[in-house]
Amino acid sequence: DATQKEIDDAAAALDKAAEALESKGLPYVDVVKDDWFYNAAYYNYFAGTMTGTDPTHFSPYATLVRAQFATIVYRLNGEPKVEYETKFPDVPDGQFYSKAVIWAAEAEVVTGYTDSGYFGTNDPITREQMVTMMYRYAKHMEYESEEPTDISAFTDADKVTKFAEEAMKWAVANGIIAGKENEDGSYRLDPQGDTSRAECAIIIQRFMEKFGK
């Protein structure tokens, strides 16, 4: 059995390792501490949920595409083993996103477009598509969460597409989506707006802090 000293030494070593990790900087030349998304980029980098677009760039203002977001959700779930099978015409085997999309489809986190059956691999992911995937993922993981809430106070609540209504109400209720401020101080959801990598990092951080990994 371990002695108390050995236990204390191990605990001290863990604390030291945590401090060392906390003191590490990001490798990105396009992220600085004053940036509004710095904490989210930092959080996702060390959680392993979002990597850079290359070793030294986070590309915060680049638009996120659907295949990239499916990959992030796949990482959230620990990248479970999955066998490739053809589910979407635009998701061939051997791509960085292939297993992620197949897993997400099997878990009912993602679906293809109803009119074409395509996944829309390189299509920019809209805010309402993103929260819908997160809502489905939370249900897949059986996370306990707040019930969907009223979103009528947002100036563009009527612009949310029907398929995303419940997910958007859930995202607002659980603090995943806070809305964007209008010039008059009101807030909008911007449901059809594209999602930048910086915005995604913040939303993923909120989700992980709410529900854990």
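The sections below set out a description of the structure shown in this document. Each chain carries its own residue numbering, running from 1 in the written order of its sequence. Confidence filtering applies because this is a predicted model: local features only for residues at pLDDT of at least 70, side-chain atom pairs given and counted only at 80 or more, and all residues used for totals across whole chains, interfaces and linings. As a rule here, side-chain values cover all heavy atoms of the structure and leave hydrogens and water aside.

### Observations concerning the nonpolar core
Then, number 1: By nonpolar core we mean a set of buried residues, namely Ala, Val, Leu, Ile, Met, Phe, Trp, Tyr and Cys, connected to one another through side-chain atoms within 4.5 Å. Residue exposure (1.4 Å probe, protein chains only): buried if accessible area is under 20% of the type maximum, exposed if over 50%, otherwise partly exposed. Ranked by size, the top nonpolar core spans 63 residues in total, and within it Phe69, Trp103, Val109, Met134, Trp170 and Phe207 carry the most contacts.
Then, number 2: What counts as a helix is a DSSP run of H or I of at least four residues, what counts as a strand is a run of E of at least two, and both are numbered from the N terminus. Elements represented by at least two residues in this core include exactly helix H2 (38-47), helix H3 (66-76), helix H4 (98-106), helix H5 (127-140), helix H6 (165-173) and helix H7 (197-211).
Then, number 3: Contact definition: two residues touch when any of their heavy atoms are within 4.5 Å. For methionine 134, the contacting residues outside a window of four places in its chain are Phe69, Trp170, Ile176, Ile203, Ile204 and Phe207.

### Notes on the packing of H2 against H7
Then, number 1: Think of each axis as a best-fit line through the C-alpha atoms, taken over the contacting stretch in the case of a helix, with angles from 0 to 180 degrees between the N-to-C directions. Contact geometry for H2 and H7: axes closest at 8 Å, N-to-C directions at 65°. Considering only the axes of H2 and H7, their crossing is left-handed. Every residue of H7 that contacts H2 at Asn39, Ala40, Ala41, Tyr43, Asn44 and Ala47 is listed here: Ala201, Ile202, Ile204, Gln205, Met208 and Glu209.
Then, number 2: Ten residues, namely Ala, Val, Leu, Ile, Met, Phe, Trp, Tyr, Cys and Pro, are considered nonpolar, four, namely Asp, Glu, Lys and Arg, are considered charged, and the remaining ones, Gly among them, are considered polar. Grouping the constituent residues of the contact of H2 with H7 by class yields eight nonpolar, three polar and one charged. Note on convention: near helix rotated counterclockwise from far helix by under a right angle means a left-handed crossing. Clockwise means right-handed.

### Describing the packing of aromatic side chains
Then, number 1: For Phe, Tyr and Trp, rings pair up if their centres lie within 6.5 Å, where Trp contributes its six-membered ring, and each pair is then called stacked (planes under 30 degrees apart), edge-to-face (over 60) or tilted (otherwise). All told, the structure shown has 20 aromatic pairs when counted by the stated rule.
Then, number 2: On the basis of an interplanar angle of 65° and a centroid distance of 6.2 Å, the ring pair of tryptophan 103 and tyrosine 137 is categorised as edge-to-face. With tryptophan 103 in helix H4 and tyrosine 137 in helix H5, this pair connects stretches of sequence that are 34 residues apart.
Then, number 3: For tryptophan 103, a relative accessible area of 7% translates into the label buried.
Then, number 4: Residue classification places tyrosine 137 among the buried residues on the basis of a relative accessible area of 1%.
Then, number 5: On the basis of an interplanar angle of 40° and a centroid distance of 5.9 Å, the ring pair of tyrosine 137 and phenylalanine 207 is categorised as tilted. With tyrosine 137 in helix H5 and phenylalanine 207 in helix H7, the pair connects residues that are 70 residues apart, well separated along the chain.

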